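Summary of structural features
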Amino acid sequence: MSYLEDHNCPAKWRKVFQECLCVHFFNRESWDAFLDDCGLTKPRLRQKASEAMLYGSLLSHGVRSDLPIHSDGAGQFDVFIRSGCWLHAGRPIERVIPVNKEQVEEQYQLLCRFWDLYRELKAFKAAPDDKRASSVRQHFRQLVQTRVECSELREALSNLAVKEPELLAVLDDPNLPLHNNLSESQIREHVKRRKISGGTRSEPGRQARDTFASLKKMCRLHEISFWSYLRDRLNGYNVIPRLSEFIKKAVYGDMDEGFTNTF
C-alpha cells in the first residue's frame with residue numbers, strides 16, 4: 001500500500017486493494033483475472049498495481065525493506081533504497097559543449113572536483129569512518145552549489161544535487177558498488193545487436209537469442225569454452241557440469257574439485 005501511495009495510485013484503487021490484503025495469487029493468470037474483475041484496465045495502473053503486489057510479496061517472504069537497488073537512476077528501478085552509479089552521474093557534465101574559454105575552464109574544474117569526490121568515496125570504502133563520510137558529504141554539497149555561468153552546467157549540477165541520497169548511499173553501506181559497469185557489460189552485446197538489426201522477428205527468435213547469449217556470457221564468466229560446452233551438450237557427452245553447478249561453486253565452493261575446465 002505504501003508503494004501505491006508513493007507512486008500516486010488513485011485513492012479509488014488503493015481502497016480496492018486495501019480490502020484484499022489477505023488474498024493470495026498463485027500465478028500471473030489469477031492476478032490478471034483479479035484485475036479484470038476489479039475493472040482495472042489502464043495499462044499503467046495495472047503495471048503499478050503488479051509492482052506493488054510483487055513488492056509486498058518479496059517483503060512477506062523475508063526480503064529486507066532496506067534492500068538497496070544499484071542502478072543508473074532509471075525510473076523503473078525506483079524500489080527499495082536506491083544507490084546511484086557515479087559513472088552515469090558524471091556524464092551530464094561531460095556532455096556539455098562549452099562555447100568559450102570560461103566555460104571550458106568551468107567544465108574542467110567541475111569534472112576535476114567530481115572525480116576527486118569519486119576517489120574520496122573509493123578511499124572511504126576501503127577504510128570507512130564517520131569523519132571521512134562527513135568530509136565527502138561536505139565536498140559533495142560544495143560541488144553542487146558551485147556558481148557557474150554556463151546554464152547547461154548549472155542544470156547538470158542541479159540534477160546532481162537531486163541525486164545526492166542515491167550517490168552517497170555508499171556512506172551508509174560501504175559494501176555498495178560505485179558504478180554498475182559490470183552489469184552493463186553483460187548486456188552490451190545484446191544492445192549492439194539490437195541497434196544493428198532492430199530486434200528479432202518473432203518471440204521464438206527473441207527467446208533463442210536471449211538463451212544463447214545468456215549461456216555464452218555464463219560460460220565466459222566461469223572460464224569455460226562456449227563451443228566446447230555446446231559440443232558437449234549437443235553430442236550428449238555431459239562431461240562439463242551444468243552451469244548451475246559452477247554458480248553454486250562460486251557461491252559455496254562445494255563443486256567436485258576433480259573437474260577441470262581446460263577445454
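**Digging into unusual backbone geometry**
Excluding glycine, residues mostly carry a negative phi; peptide bonds, for their part, are mostly trans. Backbone geometry at Asn8 places phi at a positive 60°, although glycine is not the residue there. Along the chain, the position of Asn8 falls in the loop between α1 (2–6) and α2 (11–18). Even without being a glycine, Asn238 presents a positive backbone phi close to 55°. Looking at the secondary structure, you find Asn238 in the loop between α13 (226–234) and α14 (243–252).

**So, the packing of aromatic side chains**
Enumeration over the complete set of coordinates arrives at 12 aromatic pairs. Judged by centre distance (5.5 Å) and plane angle (75°), the ring pair of Tyr3 and Tyr55 falls under edge-to-face. Of this pair, Tyr3 sits in helix α1 while Tyr55 is found in helix α4 (residues 43–60), placing the two residues 52 residues apart along the sequence. In terms of burial, Tyr3 and Tyr55 fall into one category: buried. With centroids separated by 6.4 Å and ring planes inclined at 25°, the aromatic side chains of Phe17 and Trp31 adopt a geometry described as stacked. Remark: Trp31 occurs in helix α3 (residues 28–38) and Phe17 occurs in helix α2; sequence separation between them is 14 residues. Classification of Trp31 as buried rests on a relative accessible area of 5%.

**Some thoughts on the packing of helix α7 (residues 101–126) against helix α9 (residues 151–162)**
Here α7 crosses α9 at 20°, and the two axes come no closer than 11 Å. Considering the angle they form, α7 stands roughly parallel to α9. Relative to α9, the crossing made by α7 is left-handed. Note on element contacts: α9 touches α7 through Leu153, Leu157 and Leu160, opposite Gln103, Glu106, Gln107, Leu110 and Phe114.

**Re the packing of α2 against α3**
Viewed as axis vectors pointing N to C, α2 and α3 meet at an angle of 125°, and their least axial separation amounts to 12 Å. Taken as axis vectors, α2 and α3 run oblique relative to one another. Handedness of the α2/α3 crossing: right-handed. Note on element contacts: α3 touches α2 through Trp31, Phe34, Leu35 and Cys38, opposite Trp13, Val16 and Phe17. For the contact of α2 with α3, the class distribution of residues is seven nonpolar, no polar and no charged.

**Brief notes about helix α12 (residues 203–221)**
Because an α-helix completes one turn every 3.6 residues, residues spaced three or four positions apart along the sequence face the same direction. With 19 residues, α12 ought to run about 27 Å at 1.5 Å a step, and its terminal C-alpha atoms sit 27 Å apart, in line with that. Buried within α12 are the following residues: Lys216, Lys217 and Cys219. The buried residues of α12 occupy one face: seen down the axis, they fall within an arc of 160°. Exposed side of α12, more than 90 degrees from the buried face: Pro204 and Leu221 are the residues found there. Sitting at the amino-terminal end of α12 is Ser202, which places a side-chain oxygen 3.2 Å from the backbone nitrogen of Gly205. One or two steps after α12, the chain reaches Glu223, where phi turns positive at roughly 55°.

What counts, and at which threshold
- Residues numbered from 1 in each chain as written.
- Predicted model: local features only at pLDDT ≥ 70, side-chain atom pairs only at ≥ 80, totals over all residues.
- Heavy atoms only, no water.
- Helix = DSSP H or I, 4+ residues; strand = E, 2+ residues; numbered from the N terminus.
- Phe/Tyr/Trp six-rings, centres within 6.5 Å; stacked < 30°, edge-to-face > 60°.
- Buried < 20%, exposed > 50% of the residue type's maximum accessible area, 1.4 Å probe, protein only.
- Axes fitted to C-alpha atoms, helices over the stretch in contact; angles between N-to-C directions.
- Parallel < 35°, antiparallel > 145°, perpendicular 65-115°, else oblique.
- Left-handed = near helix turned anticlockwise from the far one by under 90°.
- Contact = heavy atoms within 4.5 Å.
- Nonpolar A, V, L, I, M, F, W, Y, C, P; charged D, E, K, R; others polar.
- Expected span 1.5 Å × (residues − 1).
- Arc of directions from axis to C-beta.
- Polar contact = N/O pair within 3.5 Å; in protein donor to acceptor, adjacent residues only side chain to side chain.

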